[in-house]
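Residue strings, one per chain:
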Amino acid sequence: MSMIVQNKYKEGDIVFERTHPSQKLVVRSYAGGIYYCKDEAFRNRNQLVYFERDLMAAVQP
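Rules of the game
- Residues numbered from 1 in each chain as written.
- Predicted model: local features only at pLDDT ≥ 70, side-chain atom pairs only at ≥ 80, totals over all residues.
- Heavy atoms only, no water.
- Salt bridge = Lys/Arg side-chain N within 4 Å of Asp/Glu carboxyl O.
- Helix = DSSP H or I, 4+ residues; strand = E, 2+ residues; numbered from the N terminus.
- Buried < 20%, exposed > 50% of the residue type's maximum accessible area, 1.4 Å probe, protein only.
- Phe/Tyr/Trp six-rings, centres within 6.5 Å; stacked < 30°, edge-to-face > 60°.
- Lys NZ or Arg CZ within 6 Å of the ring centre and 35° of its normal.
- Lys, Arg positive; Asp, Glu negative; His and termini not counted.
- Polar contact = N/O pair within 3.5 Å; in protein donor to acceptor, adjacent residues only side chain to side chain.
- Contact = heavy atoms within 4.5 Å.
- Core = buried A, V, L, I, M, F, W, Y, C linked by side-chain atoms within 4.5 Å.

A short note on the pattern of salt bridges
According to the stated counting rule, one finds one salt bridge in the structure shown. With a shortest N-O distance of 3.9 Å, Lys 24 and Glu 40 are connected by a salt bridge. On the criterion of sequence distance, the pair formed by Lys 24 in strand 2 (residues 20–31) and Glu 40 in the loop between strand 3 (34–39) and strand 4 (48–51) is long-range, its members being 16 residues apart. Judged by its relative accessible area of 40%, Lys 24 is partly exposed. The exposure class assigned to Glu 40 is partly exposed, which follows from its relative accessible area of 31%.

Written as structure tokens, this is what we have:
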């Protein structure tokens with residue numbers, strides 16, 4: 001029996017870190033239960049790594 005793992009956020013989605021909700025992050029990729037994100041304001045910096053529980057979706061108007 002195979003378990004299908006689906007990620008909540010997709011590549012290119014805008015998300016926020018729960019502890020720093022003012023910092024916009026762009027999801028770059030998802031692998032092994034970990035999200036690799038870039039800070040939207042500083043895209044030339046290294047990627048940031050988060051678990052799904054550490055992120056929250058952008059509020060849609």
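Right, picking up where we left off after that structure.
What about the packing of aromatic side chains?
Under the defined criterion, the tally for this structure stands at two aromatic pairs. Among the aromatic residues, ring-to-ring pairing joins Tyr 9, Tyr 30 and Tyr 35 into one connected group. Sitting over the ring of Phe 42, Arg 45 keeps its end group 4.0 Å from the ring centre. Above the plane of the ring of Phe 51 lies Arg 53, whose end atom (NZ or CZ) is 4.7 Å from the centre.

What about the side chain of Lys 38?
Here Lys 38 shows up in strand 3. One buried charge, Lys 38, has no salt-bridge partner; the nearest side chain with opposite charge is Asp 39, at 10 Å. Polar side-chain contacts of Lys 38 include one of 2.4 Å to the backbone oxygen of Arg 45. Among residues more than four places away in sequence, those in contact with Lys 38 are Lys 24, Leu 25, Val 26, Arg 28, Arg 43, Asn 44, Arg 45, Asn 46 and Gln 47.

Thoughts on the nonpolar core
Listed in full, the eight residues of the largest apolar core are Tyr 9, Val 15, Leu 25, Val 27, Tyr 35, Cys 37, Tyr 50 and Leu 55. Of all the secondary structure elements, the ones that give two or more residues to this core are strand 2 and strand 3. Excluding its chain neighbours within four sequence positions, the residues that come into contact with Leu 55 are Tyr 9, Val 15, Phe 16, Glu 17, Arg 18, Leu 25, Tyr 35, Cys 37 and Tyr 50.

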